[in-house]
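Listed here are the chains, written in short residue letters.
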There are 2 protein chains.
Amino acid sequence: MRVIDRADAVPSQVGAVEVSRWEQYGLDGLPFGAMWYSVPPASHSRPDRHPEVELSLVLSGAATVHVDGEVREVAAGAAFLLSADTEHVVHNRSVTEPLVVFSAYWLPTPGATR
Amino acid sequence: MRVIDRADAVPSQVGAVEVSRWEQYGLDGLPFGAMWYSVPPASHSRPDRHPEVELSLVLSGAATVHVDGEVREVAAGAAFLLSADTEHVVHNRSVTEPLVVFSAYWLPTPGATR
């Protein structure tokens, strides 16, 4: 069994956000790409839009997601599913706590609705 | 964007463990099955073994995983990846805090090492 711990990851910086992509773990056979990311207090991600569907789990803190002209709150322990090609910005409105998220992403299957 | 919150799930009981399978959300196009599960304090899952690879993220509490003749600790925020056909038991050794896990599972691709 493999234990994958964010504490061991080598992150890269994307704007204010610290991103640890799972490619670095050399895991075979996952049917999705994966990453952890951390948004510092009172900060937010760059606007992002990509052809992959993205499922995110909030591991700690709370996410405020701006997408599709709406603003959605996602608490720790909950998940959010972004359709392909949807511009999204993830805010951390806490002034004290970092926001930590796990995301899995994959190209949609032709004919699927996501 | 779809927000998926464990608080809204309808769980089922598997031994001591409360399981909320994501089939109930009617999400299309995920390349894996998914569930949340919760192990009460001082309790554990039934021994489980299945043909799917399983990636688990510890959302709160800490998991003590018995697998392959070893015992591994997985802290909140970390993940563990179980190969197909591996018997595993997930313990919650805390006497006060529940253990909450998100799992994604899929049949391995022929030729993949997991």
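This one's a predicted model, so the numbers in the text were calculated from it and none came from an experiment.

**Description of the interface of chain B and chain A**
- Taken together, the 33 residues of chain B in the interface contact 33 residues of chain A.
- Across the chain B to chain A interface the summed buried area is about 3100 Å²; carbon plus sulfur atoms make up 66%.
- Our enumeration of links across chain B and chain A arrives at 0 salt bridges.
- Going through the elements one at a time, β1 (2-4), β6 (53-60), β7 (63-67), β8 (70-74), β9 (79-82) and β11 (99-106) of chain B are the ones with two or more residues in the side of chain B that touches chain A.
- Ranked by residues supplied to the side of chain B that touches chain A, first place goes to β9(B) with 4 residues.

**As for the relation of the copies chain B and chain A**
- With an RMSD of 0.0 Å, chain B superimposes on chain A once it is rotated by 180° and translated 0.0 Å along the axis. This pairing of chains is accounted for by a two-fold axis.
- A symmetric contact is evident, with 100% of the interface residues of chain B recurring at the interface of chain A.

**Brief notes about the side chain of B:Ser103**
Residues and elements named next belong to chain B.
- Along the chain, Ser103 falls in strand β11.
- At a separation of 2.6 Å, a polar atom in the side chain of Ser103 contacts the side chain of Ser56.
- Ignoring anything within four residues of it in the chain, the contact list for Ser103 reads Gly33, Ala34, Met35, Tyr37, Glu54, Leu55 and Ser56.

**Observations regarding the confidence of the model for chain A**
- Confidence in the prediction of chain A, expressed as mean pLDDT, is 94, and 96% of residues score 70 or more.
- Overall fold confidence for the complex sits at a pTM of 0.93, while the interface term, ipTM, reaches 0.92.

**Re the environment of A:Val101**
- With respect to the helices, strands and loops of the structure, A:Val101 is situated in strand β11 (residues 99-106).
- Sequence spacing of A:Val101 and A:Ser60 is 41 residues, and the spatial spacing of their C-alpha atoms is 7.2 Å.

**Quick look at the pattern of salt bridges**
All names here are of chain B.
- Counting across every chain of the model gives 6 salt bridges over all chains.
- Salt-bridge contacts for Arg6 lead to Glu18; the nearest nitrogen and oxygen are separated by 3.9 Å. Of this pair, Arg6 sits in the loop between β1 and β2 (12-14) while Glu18 is found in strand β3 (residues 17-21), placing the two residues 12 residues apart along the sequence.
- Given the relative accessible area of 31%, Glu18 is considered partly exposed.

The rules behind the values
Residues numbered from 1 in each chain as written. Chains lettered and ligands numbered in written order. Predicted model: local features only at pLDDT ≥ 70, side-chain atom pairs only at ≥ 80, totals over all residues. Heavy atoms only, no water. Contact = heavy atoms within 4.5 Å. Buried area = accessible area lost by both parts, 1.4 Å probe. Salt bridge = Lys/Arg side-chain N within 4 Å of Asp/Glu carboxyl O. Helix = DSSP H or I, 4+ residues; strand = E, 2+ residues; numbered from the N terminus. Least-squares fit on C-alpha atoms with pLDDT ≥ 70 in both. Polar contact = N/O pair within 3.5 Å; in protein donor to acceptor, adjacent residues only side chain to side chain. pLDDT = per-residue confidence, 0-100. Buried < 20%, exposed > 50% of the residue type's maximum accessible area, 1.4 Å probe, protein only.

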